[in-house]
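Observations on the three-dimensional arrangement
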Amino acid sequence: MRQDDFYRWLYRGQRPNWIAKLLGRWWAVVASSGAISNYMMTLEVTGRKSGRAISLPMVIAIVGGQRYVISMLGENVQWVHNVRAAGGRAVLRSGCREVIHLEEVPDSQRAPILKAYLQRAPGARPHVPVNKNAPIAEFEKIATAFPVFRVVSDVHATSECLS
């Protein structure tokens with residue numbers, strides 16, 4: 001089995017299987033610790049049905065000094081529905097707990113962010129039907145299928161850092 005096939009198998013039907021869930025929990029702990037804060041963080045959103053905090057590891061794309069989170073599996077994933085239901089309220093963890101607001105990026109502005117994301121997130125490449133080195137025009141064709149959110153720090157919230 002090729003690596004791309006393996007990654008697709010982990011997320012058949014746009015849902016993580018038990019192995020992907022286990023790996024996701026492990027990566028969430030690592031990302032929350034701050035050990036790889038310049039690459040990955042844990043996104044915490046409130047479940048729209050359960051009301052519980054749900055944590056998942058996210059590769060953070062950085063474009064023009066702005067941070068972005070991207071749904072590598074497209075529109076129909078729970079964390080995207082939860083973020084929208086919560087009005088964009090979320091938390092990022094990476095050594096510190098940062099209260100944030102996620103602003104959805106319009107389709108017309110997503111292409112360069114998606115390209116930067118694929119350059120940075122090898123695990124996402126099998127799920128996005130464009131080569132990481134493709135021209136921006138190719139990313140423009142698929143931009144509507146992949147939600148992109150700009151991370152905005154909540155200046156009124158306090159941060160909590162691990163000691």
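Here the structure is shown first, and the text comes after it.
This text gives an overview of the structure that appears in the document. (Residues numbered from 1 in each chain as written. Predicted model: local features only at pLDDT ≥ 70, side-chain atom pairs only at ≥ 80, totals over all residues. Heavy atoms only, no water.)

1. Observations regarding the environment of L92
Tracing the backbone through its elements, the reader meets L92 in strand β5 (residues 89-93). Classification of L92 by relative accessible area gives buried; the value is 2%. Here the alpha-carbon distance between L92 and S153, two residues 61 residues apart in the chain, equals 9.5 Å. (Helix = DSSP H or I, 4+ residues; strand = E, 2+ residues; numbered from the N terminus. Buried < 20%, exposed > 50% of the residue type's maximum accessible area, 1.4 Å probe, protein only.)

2. A closer look at the pattern of salt bridges
Per the stated rule, a full pass over the model turns up eight salt bridges. The salt bridge involving R150 is made with E103; its shortest N-O contact spans 2.6 Å. You can see R150 sitting in strand β7 (residues 148-153) and its partner E103 sitting in strand β6 (residues 96-104), a full 47 residues away along the chain. (Salt bridge = Lys/Arg side-chain N within 4 Å of Asp/Glu carboxyl O.)

3. A short note on the packing of aromatic side chains
Under the definition given, this model contains one aromatic pair. Aromatic side chains W79 and F149 sit 5.7 Å apart centroid to centroid with 55° between the ring planes, which places their arrangement in the tilted category. Residue W79 is located in helix α3 (residues 78-85), and its partner F149 is located in strand β7; the two are separated by 70 residues in the primary sequence. By relative accessible area, which is 10% here, W79 ends up buried. Note on F149: relative accessible area 2%, which makes it buried. (Phe/Tyr/Trp six-rings, centres within 6.5 Å; stacked < 30°, edge-to-face > 60°.)

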